[in-house]
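Observations on the three-dimensional arrangement
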Amino acid sequence: MKTYAPKASDVSPTWFLIDARGISLGRLASKVATILRGKHKSVFAPWMNNGDFVIVTNAAKVRLTGAKLTDKIYYRHSGYPGGLRQRTAGEILASRPDRLIEGAVRGMLPRNALGKAMLRRLKVYADDEHPHQAQKPSPLPVEDLKTKRARRGS
């Protein structure tokens, strides 16, 4: 029996829609990274981009557990002396919630050109509106990603 190696012509990407309302950031990012890599398909190959497109809506309503809104700090440096800047997760969530999700997903993808190509298939929006209705995205059930407290409704 020969080993099957998929070709780029064998795989056609589909579009998925995920509503991030009430979902923990890490659980959401790991599910999205799995779909972007294509690990949910039977023809997964680690050397090619055979993942699907993912649209994440309601990014501003993503859930951060514990005291992460105030205690989790994101750092960046300009490269100049004294150029270290820091922002809390709450500040980023208030100003650019799409960057919070993109950064979490980026950390779970390969750190090479293939990972960058996979990340380009991720579309994140702060509210319900998105311009990808023509692609007919299928909603992805994410009830299993919600934390117990979010499932209870508190």
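Presented here is a report on the structure given in the accompanying data block.

On to helix α4 (residues 97-106). Residues of α4 that are buried include every one of Pro-97, Asp-98, Leu-100, Ile-101 and Val-105, and no others. Take α4 and look down its axis: the buried residues cluster within an arc of 160°, on one side only.

As a further point, take the pairing of strand β1 (residues 15-19). Bridge count for β1 against strand β2 (residues 53-57) is five bridges, and the pairing is parallel. What sits directly across from Trp-15, in β2, is Phe-53. As paired strands, β1 and strand β6 (residues 138-139) are joined by two bridges and run parallel to one another. The residue bridging Leu-17 from the neighbouring strand is Pro-139, located in β6.

For the rest of this paragraph, the subject is unusual backbone geometry. Although it is not a glycine, Asn-58 adopts a positive phi angle of roughly 55°. Tracing the backbone shows Asn-58 in the loop between β2 and α2 (68-71). Positive phi, close to 50°, is recorded for Lys-136, a residue that is not glycine. One can find Lys-136 in the loop between β5 (122-124) and β6.

The next point concerns the environment of Val-11. Along the polypeptide, Val-11 turns up in the segment before β1. Sequence separation of Val-11 and Asn-112 is 101 residues, and the distance between their C-alpha atoms is 21 Å. When residues no more than four places from it in sequence are discounted, the contact partners of Val-11 are Lys-41, Val-43 and Asn-50.

End to end, helix α1 (residues 25-37) covers 18 Å across 13 residues, agreeing with the expected 18 Å (1.5 Å per residue, within 8%). Taken as a whole, α1 has its buried residues at Leu-25, Leu-28, Ala-29, Val-32, Ala-33, Ile-35, Leu-36 and Arg-37. Looking at the buried residues of α1, the elements they touch are β1, β2, β3 (73-77), α4, α5 (113-119) and β5. Backbone geometry just downstream of α1 places Gly-38 in the positive-phi region, at approximately 90°.

What follows deals with the pattern of salt bridges. Enumeration over the complete set of coordinates arrives at four salt bridges. The closest approach of N and O atoms between Asp-128 and Arg-21, which form a salt bridge, is 3.8 Å. With Asp-128 in the loop between β5 and β6 and Arg-21 in the loop between β1 and α1, this residue pair connects regions lying 107 residues apart in the sequence. Look at Arg-21 and you get partly exposed, because its relative accessible area is 37%. Close ionic contact of Asp-52 with Lys-41 constitutes a salt bridge, the shortest N to O distance being 2.9 Å. Of the two residues, Asp-52 sits in the loop between α1 and β2 while Lys-41 sits in the loop between α1 and β2, which places them 11 residues apart along the sequence. No difference in accessibility class separates Asp-52 from Lys-41, as the two residues are buried. Beyond isolated ion pairs, a larger network of salt bridges with shared partners links Asp-19, Arg-21 and Asp-128.

Conventions adopted
- Residues numbered from 1 in each chain as written.
- Predicted model: local features only at pLDDT ≥ 70, side-chain atom pairs only at ≥ 80, totals over all residues.
- Heavy atoms only, no water.
- Buried < 20%, exposed > 50% of the residue type's maximum accessible area, 1.4 Å probe, protein only.
- Helix = DSSP H or I, 4+ residues; strand = E, 2+ residues; numbered from the N terminus.
- Arc of directions from axis to C-beta.
- Pairing = 2+ DSSP bridges.
- Contact = heavy atoms within 4.5 Å.
- Expected span 1.5 Å × (residues − 1).
- Salt bridge = Lys/Arg side-chain N within 4 Å of Asp/Glu carboxyl O.

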